[in-house]
Protein chains: 2
Amino acid sequence: MEDLTLHQYHNSGNCYKIRLAAALLNIEITLEDYDLVKGESRTPEFLSKVSSNGSVPVLQIGNTFLPESGAALNYIAAGSHLVPKDRLQYAEMLRWMFFEQYQIEPTVGSLRFWTRKLGLENLDEAKKGQVNAKRQAGSAALDVMEQHLSGRRFFVREKFSLADVALFGYTHVSEQGDFDLSKWPNVKAWCERVKEQPGYVPIGNENWS
Amino acid sequence: MEDLTLHQYHNSGNCYKIRLAAALLNIEITLEDYDLVKGESRTPEFLSKVSSNGSVPVLQIGNTFLPESGAALNYIAAGSHLVPKDRLQYAEMLRWMFFEQYQIEPTVGSLRFWTRKLGLENLDEAKKGQVNAKRQAGSAALDVMEQHLSGRRFFVREKFSLADVALFGYTHVSEQGDFDLSKWPNVKAWCERVKEQPGYVPIGNENWS
């Protein structure tokens, strides 16, 4: 594989997913850090060179820049044991990866960032007005996960896959956004199973300053 | 392939994408319609049988129910000319599919539904408060597409793919949510190129009642 560089904000769950998958697969990735709050992903240089979308993660593969965590995960894990070979199981893996980006990241993920990094009391009015809706939608998404995990160890046909990596990114730190995972015991137990995977690395987000 | 049934709301761009990909690949799909506003995707039967997530599209493959349009697109198009075989190009296709679900569907797609189906004047306060932010975010997403299409015919390496199908779903009807595509001429021209694909079918959304 060509040299890989992850343009990232370390505390982002989307960035962590890629570090986690790389660790599980023993793939080496160079990290390049940006502070989103300081606007480091929106400088003219970043926008012209790394991503016109002004966000991280972006996986750099040689001279190619690949935004979107879901795309990066599929790139680095292609052909590995984290990706089902069966057509339907592969589609089911993608199902949970799209679900995660649509229903977990913008809810559980946003509230964690707003709570831990920005401070709920510092939010502008537009964001403040979204807190309740995000909390409800995040809870509903966790309900869907809870129900699916009833009697299952992992999300796709009992086999650990990128679906678990993607969902784990924000879910396992949802308490940092004031979601109490004891309300979703299947989800909580599944988080522990993910942590038992050989090669697992923690998010390592102690420093939020 | 097993029998395919698309559980759908006909005017939804997410549902249309799947019909479009199936038409382009000459794959037969049975349609089963639900009226979202009447809550037909949230009945106990739907939630227990079709999808606990309470939304469409859901692609039924034999006895398996697969939610998420991006997953369904990958399932039906696997191995076809709509899916690049190259590892990096495949990841780039997914990049645009994730981008679309995160930045086009919740903005351009939502505003179209709110404008055409619900009526902006009928929105509750929470939704009304999101209209401006969605319009800004949708415009920014169209800017990213416009820039990427500068000098390109399609989104991934000059070859029509699922990325184009996914992005086309809501983008080509963005004027129904009061986005004026003449501001994004590359996007507008790309829409015309998609319509020229052999097997193309229109969304057919004349009836919004």
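For every chain, the first residue of the written sequence is number 1, and numbering continues from 1 onward in sequence order. The lettering of chains begins at A and the numbering of ligands begins at 1, in the order of writing. This being a predicted model, a pLDDT of at least 70 is required before a residue's local features are given, and a value of 80 or more before pairs of side-chain atoms are given or counted; all residues contribute to the totals for chains, interfaces and linings. Each side-chain value is derived from all of the structure's non-hydrogen atoms; neither hydrogens nor water enter the calculation.

- An unreviewed UniProt entry lists chain A under the name Glutathione S-transferase, with Dothistroma septosporum given as the organism.
- Its UniProt record gives chain A the following Sequence similarities (unreviewed entry) comment, quoted word for word: "Belongs to the GST superfamily." UniProt positions are given in the numbering used here, feature names are shortened, and annotations may be inferred rather than shown by experiment.

**Section: the UniProt feature "domain: GST N-terminal" (unreviewed entry) in chain A**
Then, number 1: Here, the residues flagged by UniProt with the feature "domain: GST N-terminal" (unreviewed entry) are residues 2–84 of chain A.
Then, number 2: Secondary structure elements are taken from DSSP: a helix is a run of H or I of four residues or more, a strand is a run of E of two residues or more, and numbering for both begins at the N terminus. A helix fraction of 33% and a strand fraction of 20% characterise residues 2–84 of chain A, whose end C-alpha atoms lie 23 Å from each other.

**A few points about the sheet that holds strand E1 (residues 4–8) of chain A**
Then, number 1: Only strands that DSSP links by at least two bridges are regarded as paired with each other. One open sheet accounts for 4 strands, arranged E2-E1-E3-E4 (chain A); its pairing is mixed. This sheet does not close on itself; its edge strands, each paired only once, are strand E2 (30–33) and strand E4 (64–67) of chain A. Neighbour to neighbour, the strand axes of the sheet diverge by 25° on average, direction disregarded.
Then, number 2: In terms of strand pairing, E1 of chain A meets strand E3 (residues 58–61) of chain A through 4 bridges, oriented antiparallel. Bridging across to E3 of chain A, Leu6 of chain A finds its partner in Leu59 of chain A.
Then, number 3: Contacts are assigned to residue pairs with any non-hydrogen atoms lying within 4.5 Å of each other. Where helices are involved, their axes are fitted lines through C-alpha atoms of the stretch in contact, as for all axes, and angles between N-to-C directions lie from 0 to 180°. Set on the sheet, helix H1 (residues 13–24) of chain A makes contact with E1 and E2 of chain A; between it and E1 of chain A the angle comes to about 155°.
Then, number 4: Together, E3 and E4 of chain A form the strand contacts of helix H4 (residues 87–118) of chain B, whose direction differs from that of E4 of chain A by roughly 40°.

**A word on the sheet that holds strand E4 (residues 64–67) of chain B**
All names here are of chain B.
Then, number 1: Ordered in space as E2-E1-E3-E4, the 4 strands form an open sheet in which the pairing is mixed. Looking at which strands have only one partner, the edges of the open sheet turn out to be strand E2 (30–33) and E4. Here the average twist between neighbouring strands, direction ignored, is 25°.
Then, number 2: For strand E3 (residues 58–61) and E4, the ladder comprises 4 bridges, and the chain directions are antiparallel.

**Remarks on the packing of helix H4 (residues 87–118) of chain A against helix H3 (residues 69–77) of chain B**
Two quantities define a packed helix pair, namely the angle between the helix axes and the distance between the axes.
Then, number 1: Contact geometry for H4 of chain A and H3 of chain B: axes closest at 8 Å, N-to-C directions at 160°. Relative to H3 of chain B, the element H4 of chain A is oriented roughly antiparallel. Where H4 of chain A crosses over H3 of chain B, the two elements pack in a sense that is right-handed. Across the interface between the two elements, Arg87, Leu88, Ala91, Leu94, Arg95 and Phe98 of chain A from H4 of chain A touch Gly70, Ala71, Asn74, Tyr75, Ile76 and Ala77 of chain B from H3 of chain B.
Then, number 2: When residue character is reported, Ala, Val, Leu, Ile, Met, Phe, Trp, Tyr, Cys and Pro are called nonpolar, Asp, Glu, Lys and Arg charged, and the others, Gly included, polar. Class assignment for the residues of the contact of H4 of chain A with H3 of chain B results in 8 nonpolar, 2 polar and 2 charged. Note that the term roughly parallel is reserved for angles under 35 degrees, roughly antiparallel for angles over 145, roughly perpendicular for angles of 65 to 115, and oblique for everything else. Handedness of a crossing is defined here by the sense of rotation of the near helix relative to the far one, left-handed for an anticlockwise turn of less than a right angle and right-handed for a clockwise turn.

**Observations regarding the relation of the copies chain A and chain B**
Put simply, the two copies of the chain differ by a rotation about an axis and a shift along that axis.
Then, number 1: Overlaying chain A on chain B yields an RMSD of 0.0 Å, the required transformation being a rotation through 180° with an accompanying axial translation of 0.0 Å. Such a combination of rotation and displacement between the chain copies is what one expects of a two-fold axis. Distance from the rotation axis, computed per C-alpha, reaches its smallest value in chain A at Tyr102 of chain A: 3.2 Å.
Then, number 2: A symmetric contact is evident, with 100% of the interface residues of chain A recurring at the interface of chain B. We place the copies in one frame by least squares, fitting the C-alpha atoms of every residue whose pLDDT is at least 70 in both.

**Concerning the interface of chain A and chain B**
Where interface size is quoted, it is often the accessible area lost as the parts come together.
Then, number 1: Between chain A and chain B, the residue contacts involve 33 residues of the former and 33 residues of the latter.
Then, number 2: Joining two parts hides part of their accessible area as seen by a 1.4 Å probe, and the buried area is that hidden amount summed over both. Carbon and sulfur atoms make up 64% of the area that chain A and chain B hide from each other, which totals about 3100 Å².
Then, number 3: Here a salt bridge means any side-chain nitrogen of Lys or Arg lying within 4 Å of a carboxyl oxygen belonging to Asp or Glu. One can count 0 salt bridges joining chain A with chain B.
Then, number 4: Of all elements in the fold, only E4, helix H3 (69–77), H4 and helix H6 (131–148) of chain A reach the threshold of two or more residues within the side of chain A that touches chain B.
Then, number 5: In terms of residue count, the dominant contributor to the side of chain A that touches chain B is H4 of chain A (15 residues).
Then, number 6: Considering only residue class, the side of chain A that touches chain B consists of 19 nonpolar, 8 polar and 6 charged.

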